[in-house]
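# An overview of the molecular structure
The chain contents come next:
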Amino acid sequence: MATRAIRRRGYLRTAQDPHSQPDAVAHTVAAMHAEGMLETPQDYTFAIKTLGRKGLCQQALTILESMVHMGPPPNVIHFNAAISACEASGYWEGALMLLQYMTF
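Anyway, here's the lowdown on the structure attached to this text. (Residues numbered from 1 in each chain as written. Predicted model: local features only at pLDDT ≥ 70, side-chain atom pairs only at ≥ 80, totals over all residues. Heavy atoms only, no water.)

## Examining a nonpolar patch on the surface
A cluster of nonpolar side chains, namely Val76, Ile77, Trp92, Leu96, Leu99 and Met102, defines an oily patch on the protein surface of about 600 Å² accessible area. At the level of secondary structure, the elements contributing two or more residues to the nonpolar patch comprise helix 5 (76-89) and helix 6 (92-102). The greatest single-element share of the nonpolar patch, amounting to four residues, is contributed by helix 6. By the element assignment, Val76 lies in helix 5. (Patch = residues over 30% accessible without salt bridge, like charges linked within 9 Å, V, L, I, M, F, W, Y side chains within 5 Å. Areas by Shrake-Rupley, 256 points an atom, 1.4 Å probe, with all protein chains shown as cover. Salt bridge = Lys/Arg side-chain N within 4 Å of Asp/Glu carboxyl O. Helix = DSSP H or I, 4+ residues; strand = E, 2+ residues; numbered from the N terminus.)

Next up, the structure:
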């Protein structure tokens with residue numbers, strides 16, 4: 001259990017470092033997701049926002065999609081973070097798709 005906590009801290013440090021390269025952040029968030037370290041809605045918000053800040057819209061949308069299919073259920077905060085990620089990437093079609101999805 002201590003090893004998991006140490007890995008999680010390392011992942012969080014990498015993801016939050018403003019000097020981390022987008023590929024490193026994408027790998028870090030993917031590893032956290034694969035290892036079950038995204039547990040709470042707040043963890044998912046953190047992941048989507050972190051990916052968005054690095055312009056990684058597709059990865060942010062993948063995290064959001066996993067929430068839709070496996071939980072926890074996304075809320076307006078998650079969708080807003082994903083829309084912001086699309087905006088940062090210049091992917092207006094993705095933002096529009098999310099807005100349409102939210103209306104159903």
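## Overview of the environment of Met37
Along the polypeptide, Met37 turns up in the loop between helix 2 (22-34) and helix 3 (41-53). Under the relative-accessibility criterion, Met37 is labelled buried at 0%. If sequence neighbours within four positions are ignored, Met37 has contacts with Arg4, Arg7, Arg8, Tyr11, Met32 and Asp43. (Buried < 20%, exposed > 50% of the residue type's maximum accessible area, 1.4 Å probe, protein only. Contact = heavy atoms within 4.5 Å.)

## A word on the packing of helix 5 against helix 6
It is at 8 Å that the axes of helix 5 and helix 6 come closest, and there the two elements cross at 160 degrees. The orientation of helix 5 with respect to helix 6, classified from their angle, is roughly antiparallel. In terms of crossing hand, the pair formed by helix 5 and helix 6 is left-handed. Together, Val76, Phe79, Ala82, Ile83 and Cys86 of helix 5 and Gly94, Ala95, Leu98, Leu99, Tyr101 and Met102 of helix 6 make up the contact between the two elements. Considering only residue class, the contact of helix 5 with helix 6 consists of 10 nonpolar, one polar and no charged. (Axes fitted to C-alpha atoms, helices over the stretch in contact; angles between N-to-C directions. Parallel < 35°, antiparallel > 145°, perpendicular 65-115°, else oblique. Left-handed = near helix turned anticlockwise from the far one by under 90°. Nonpolar A, V, L, I, M, F, W, Y, C, P; charged D, E, K, R; others polar.)

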